[in-house]
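Understanding the architecture of this molecule
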Amino acid sequence: MDPAAEHRQQLRSLRDFLLVYNRMTELCFRHCVCNLNYRLLTGREESCLDSCAARLVRANHRLMGAYVGLVPAMLQRRAAEYGTPAGPSGLPASSEPAPGPAESSPDAPAAST
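Worth saying up front: this structure is predicted, and the values here are computed from it rather than measured.

1. What about the state of the cysteines?
Counted under the stated rule, the structure contains two disulfides. Through a disulfide, Cys 32 is tied to Cys 48; the S-S separation comes to 2.1 Å. The disulfide joining Cys 32 to Cys 48 has a torsion of about -65 degrees about its S-S bond and is therefore left-handed. Of this pair, Cys 32 sits in helix 1 (residues 3–32) while Cys 48 sits in helix 2 (residues 43–82), and the two are 16 residues apart along the sequence. Numbered in order of appearance, the disulfide-bonded cysteines of the protein are paired 1-4, 2-3. In this structure Cys 34 is a free cysteine whose sulfur lies 7.7 Å from that of Cys 48, the closest cysteine sulfur available.

Listed below in structure tokens is the structure:
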């Protein structure tokens, strides 16, 4: 993968993480914080926020686990629909040759024509 594509993928992952984090924060805040008259949270609000965040993190982990388990099957099915054989990782096999040593290496004998 070229560096620009890798950088875009990292930015996409960061954006997705921040969206999930912001949704979780908003949801738990609305559910747990009732009184905005004080600078500090009450003990009850703190424990509610802790348990709310823990529940959402556990749910997110379960969803991600299920997603990771389903992706190879989905890729296999998609590859079968398009008629391309799937590689060992479940991704469609590439028609390009695998990267290997350079065509002419100093140790290789010269090819005669």
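Following the structure, the description resumes.
2. Concerning a nonpolar patch on the surface
Taken together, the side chains of Leu 11, Leu 14, Phe 17, Leu 18 and Tyr 21 define a hydrophobic patch exposed on the protein surface, amounting to about 500 Å² of accessible area. Within the fold, Leu 18 resides in helix 1.

3. Details of the confidence of the model for the protein
On average, residues of the protein score 79 in pLDDT, and 73% of them reach the 70 mark or higher. Across residues 95–113, confidence stays below pLDDT 50; counting only partners more than four residues off in sequence or on other chains, it has zero contacts.

Calculation criteria
- Residues numbered from 1 in each chain as written.
- Predicted model: local features only at pLDDT ≥ 70, side-chain atom pairs only at ≥ 80, totals over all residues.
- Heavy atoms only, no water.
- Disulfide = S-S within 2.5 Å.
- Helix = DSSP H or I, 4+ residues; strand = E, 2+ residues; numbered from the N terminus.
- Patch = residues over 30% accessible without salt bridge, like charges linked within 9 Å, V, L, I, M, F, W, Y side chains within 5 Å.
- Areas by Shrake-Rupley, 256 points an atom, 1.4 Å probe, with all protein chains shown as cover.
- Salt bridge = Lys/Arg side-chain N within 4 Å of Asp/Glu carboxyl O.
- pLDDT = per-residue confidence, 0-100.
- Contact = heavy atoms within 4.5 Å.

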